Amino acid sequence: MPYYRVTGEVPRKRHIRFHRPDGGLYSEELMGEEGFSSDSSLLYHTHLPTAITKSEGVADGGQAGTVPNHPLLPRHVRTTALAAGGDLVLGRALLFANDDVRISFVSAAAPSGLYRNSAGDEAVYIQQGSAVFESVYGTITARSGDYVVVPRGTIHRWLPADAGVSALAIEASGHIRPPRRYLSAAGQFLEHAPYSERDLRGPEGPLLADGQDVPVIVRTRGGLTRLTYAHHPFDVVGWDGCLYPYAFNIADFEPVLKRTHAPPPVHQTFEGPNFVICSFCPRPLDFDPEAVPIPYNHHNVDSDEMMFYVGGDYTARKGSGIGVGSITLHPAGFTHGPQPGAVEAAVAGLAEGKTTTDETAVMIDTFRPLNLGPAARQAEDPEYAWTWARSGPS
Ligand SMILES: [Fe+2]
């Protein structure tokens, strides 16, 4: 995934001589997943992509500062309380983490340096603002509502627009892909999938940047390293293959409905190692005459559920203090559901003609518990856990 793409100049066959205008040979770089037994792309660099001149360790918190969610509580974090600053890579404020995924919030206006995450794929959800994503594969213009999926090992940088950008950064320990059940055996999106190839925006390019002694921050499981490359990595004249970054906008997700309330798997957008990403989008409400158009109390026994409220009015959480920019964590071991009075209000709303919901939210369900990062503890609403015990909505 996603699907075959070719950009810039490539020779007629793989692994044959491809000459530069000066008579020398372009340098191949095969980026391949799963030991070259899965998707790959073949890039052609003007200079050697192997030439490094320096390697320096860079301080990184990693998962330092994270603590278990103990004693067990549902959590509410207000991202609006987190300070802006830095760039879209090094300015990330760690909210939640386990061995499978790190989830951070970032609000930044400065351009990032060159960055390569070799610990896993990333999905960066743009909450507000816009940014240009530049990479060895070319450029993606990212806007509000985009998930930008960055394959492991992609050298890239983020250039926010003047007004800055806020985003949720989801860093996996493996690959982030469309759910397997949405795809044919050969990888084409099936008709029942809530999005398809036409909704994915690949990089435009190539960039053909020039420069010498160019630093690249590399994340591995060992931490951060600053490698200095002899030549700018964005010296690719062309590439082809099925491995590259792409953007998918949440507004292009086609909601799936039932007459009565549909469970979260209908909202699934991506899958990662031991987690899923779901998109809750504006849609008609459940339409059975006796429908309760709101989630039922539920216990996702194998998962912690993290929900990022990014738009609209979220009926089920009325009276809890939750608004746009809020993040909730409903952990395994805790049954959660609508706040008191929300079910009755939703039923009454349906009778009064409220037949649609404008809610937009990004959910991450992890199959192992999430620890709390420093930013989650700093911006937590300590009253949230007790809101179901109140008598009604406020
Ligand atoms: Fe839930």
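Given the structure is predicted, the values throughout are model-derived calculations rather than measurements.

### Thoughts on the sheet that holds strand S5 (residues 75–78)
For step 1, the next point in the chain: Taken together, the six strands give an open sheet; going across it, the order is S5-S22-S21-S24-S19-S18, and neighbouring strands pair in antiparallel fashion. On the outer flanks of this sheet lie S5 and strand S18 (268–272), each paired with one strand and no other. Neighbour to neighbour, the strand axes of the sheet diverge by 15° on average, direction disregarded.
For step 2, the next point in the chain: For strand S21 (residues 304–311) and strand S22 (residues 326–330), the ladder comprises four bridges, and the chain directions are antiparallel. The residue bridging Phe308 from the neighbouring strand is Ile327, located in S22.

### Quick notes on the nonpolar core
For step 1, the next point in the chain: One finds Leu95, Phe96, Leu168, Phe270, Ile277, Met306 and Phe308 to be the most contacted residues of the largest nonpolar core, which totals 57 residues.
For step 2, the next point in the chain: Among all residues touching Phe96, those that are not within four sequence positions of it are Val77, Val101, Arg102, Ile103, Met306, Ile327, Leu329, Leu370, Asn371, Leu372, Gly373 and Ala376.
For step 3, the next point in the chain: Grouped together as the second largest cluster of nonpolar side chains are 19 residues, Tyr115, Val124, Ala131 and Ile217 included.

### Some details on the side chain of Thr228
For step 1, the next point in the chain: Examined against the element boundaries, Thr228 turns out to sit in strand S15 (residues 223–231).
For step 2, the next point in the chain: Those residues in contact with Thr228 that sit more than four places away from it in its chain are Ala51, Ile52, Thr53, Lys54, Glu56, Asp213, Val214 and Pro215.

### Brief notes about unusual backbone geometry
For step 1, the next point in the chain: Here the amide bond leading from His70 into Pro71 is cis, since omega sits at -5°, within 30 degrees of zero.
For step 2, the next point in the chain: Looking at where Pro71 falls in the secondary structure, it is placed in the loop between strand S4 (52–58) and S5.
For step 3, the next point in the chain: We note that Phe36 has phi near 65°; this positive angle belongs to a residue other than glycine.
For step 4, the next point in the chain: Within the secondary structure, Phe36 is located in the loop between strand S2 (27–32) and strand S3 (40–45).
For step 5, the next point in the chain: For Phe36, a relative accessible area of 55% gives the class exposed.
For step 6, the next point in the chain: The phi dihedral of Leu208 falls on the positive side, at around 55°, and the residue is not glycine.
For step 7, the next point in the chain: With respect to the helices and strands, the residue Leu208 is situated in the loop between strand S13 (200–201) and strand S14 (212–220).

### Quick look at the coordination of the iron ion
For step 1, the next point in the chain: Within the protein, His298 (NE2), Glu305 (OE) and His336 (NE2) serve as the donor atoms for the iron ion, at 2.0 to 2.1 Å.
For step 2, the next point in the chain: When the donors of the iron ion are listed by position in the chain, the intervening gaps give H-x6-E-x30-H.
For step 3, the next point in the chain: For His298, a relative accessible area of 22% translates into the label partly exposed.
For step 4, the next point in the chain: For Glu305, a relative accessible area of 6% corresponds to the buried category.

### A closer look at the packing of aromatic side chains
For step 1, the next point in the chain: In this structure the tally under the stated criterion is 17 aromatic pairs.
For step 2, the next point in the chain: With a centroid separation of 5.0 Å and 85° between ring planes, the pair formed by Tyr137 and Trp239 is classed as edge-to-face. Of this pair, Tyr137 sits in the loop between strand S9 (122–135) and strand S10 (138–142) while Trp239 sits in strand S16 (residues 236–241), and the two are 102 residues apart along the sequence. Grouping residues by exposure puts Tyr137 and Trp239 together as buried.
For step 3, the next point in the chain: One aromatic cluster in this structure is built from Tyr125, Tyr147, Tyr182, Phe189, Tyr195, Phe248, Phe253 and Phe270.
For step 4, the next point in the chain: Sitting over the face of the ring of Tyr244, Arg5 holds its NZ or CZ atom 5.9 Å from the ring centroid.

### A word on the pattern of salt bridges
For step 1, the next point in the chain: Scanning all chains against the criterion turns up 19 salt bridges.
For step 2, the next point in the chain: Salt-bridge contacts for Arg219 lead to Asp60; the nearest nitrogen and oxygen are separated by 3.1 Å. Taken together, the residues Arg219 in strand S14 and Asp60 in the loop between S4 and S5 connect sequence positions 159 residues apart.
For step 3, the next point in the chain: A residue is classified by how much of its surface remains accessible, and Asp60, at 33% relative accessible area, is partly exposed.
For step 4, the next point in the chain: Overlapping salt bridges bring together Asp60, Arg92, Arg102, Glu122, Glu171 and Arg219 as one network.

### Section: a nonpolar patch on the surface
For step 1, the next point in the chain: On the surface, Val292, Val343 and Val347 cluster together into a nonpolar patch covering about 180 Å² of accessible area.
For step 2, the next point in the chain: Within the secondary structure, Val343 sits in helix H1 (residues 342–351).
For step 3, the next point in the chain: What makes Val343 partly exposed here is its relative accessible area of 30%.

### Regarding the sheet that holds S3
For step 1, the next point in the chain: Spatial strand order, S1-S16-S3-S2: four strands in an open sheet with antiparallel pairing. Since the sheet does not close on itself, it has two edges, and those belong to strand S1 (5–8) and S2, each with one partner. Recorded for the sheet is a direction-independent mean angle of 15° between the axes of neighbouring strands.
For step 2, the next point in the chain: Two elements, S3 and S16, share five bridges in a ladder whose sense is antiparallel. When the bridges of S16 are listed, His45 appears paired with Val236.

### Topic: H1
For step 1, the next point in the chain: Among the residues of H1, those classed as buried are Ala342, Ala346, Gly349 and Leu350. Mapping the buried residues of H1 onto a view down its axis gives an arc of 100°, with all of them on the same face. Facing away from the buried side of H1 by over 90 degrees, the exposed positions are Glu344 and Ala351.
For step 2, the next point in the chain: In the stretch just after H1, Gly353 is the one whose phi turns positive, near 100°.

### Considering the pairing of S2
For step 1, the next point in the chain: Of the two faces of S2, only the one carrying Ser27, Glu29 and Met31 is buried; Glu28, Leu30 and Gly32 on the other face are not.
For step 2, the next point in the chain: Alignment of S2 against S3, held across six bridges, turns out to be antiparallel. Of the residues in S3, the one forming a bridge with Gly32 is Ser40.

Definitions and limits used
Sequence order as written defines residue numbering, which begins from 1 separately in each chain. Residue-level local features of this predicted model are given only where pLDDT is at least 70; pairs of side-chain atoms are given and counted only at 80 or more, and the full residue set underlies all totals for whole chains, interfaces and linings. Note: side-chain values were computed over all heavy atoms of the structure, leaving out hydrogens and water. Pairing between two strands is assigned when DSSP locates at least 2 bridges connecting them. Helix and strand definitions here come from DSSP, where helices need a minimum of 4 consecutive H or I residues and strands a minimum of 2 consecutive E residues; each element is numbered from the N-terminal end. The convention used is that axes are lines fitted to C-alpha atoms, helices contributing only their stretch in contact, and that angles between N-to-C directions extend from 0 to 180 degrees. Put simply, buried Ala, Val, Leu, Ile, Met, Phe, Trp, Tyr and Cys residues joined by side-chain atoms within 4.5 Å make one nonpolar core. Partly exposed residues are those whose accessible area sits between 20% and 50% of the maximum for their type, while under 20% is buried and over 50% is exposed, using a 1.4 Å probe and protein chains only. Here a residue-residue contact requires only that any non-hydrogen atoms of the pair lie within 4.5 Å. The donor set covers N, O and S atoms within 2.8 Å of the metal, switching to 3.2 Å for Na, K and Ca, and it leaves out water, so a site may look short of donors. Two aromatic rings, drawn from Phe, Tyr or Trp (for Trp, its six-membered ring), form a pair once their centres lie within 6.5 Å of each other, and the interplanar angle then sorts them: stacked below 30 degrees, edge-to-face above 60, tilted otherwise. Counted as over-ring charges are cases with an Arg CZ or a Lys NZ within 6 Å of the ring centre that also lie within 35 degrees of the ring normal. Any Lys or Arg side-chain nitrogen found within 4 Å of a carboxyl oxygen on Asp or Glu counts as a salt bridge. Residues enter a patch when their relative accessible area is above 30% and they make no salt bridge; the linking distance is 9 Å between like charges and 5 Å between nonpolar side chains (Val, Leu, Ile, Met, Phe, Trp, Tyr). Accessible areas in this description were obtained via Shrake-Rupley with a 1.4 Å probe; residue shielding takes into account the shown protein chains only. Working note: the arc is built from the helix axis to C-beta atom directions.

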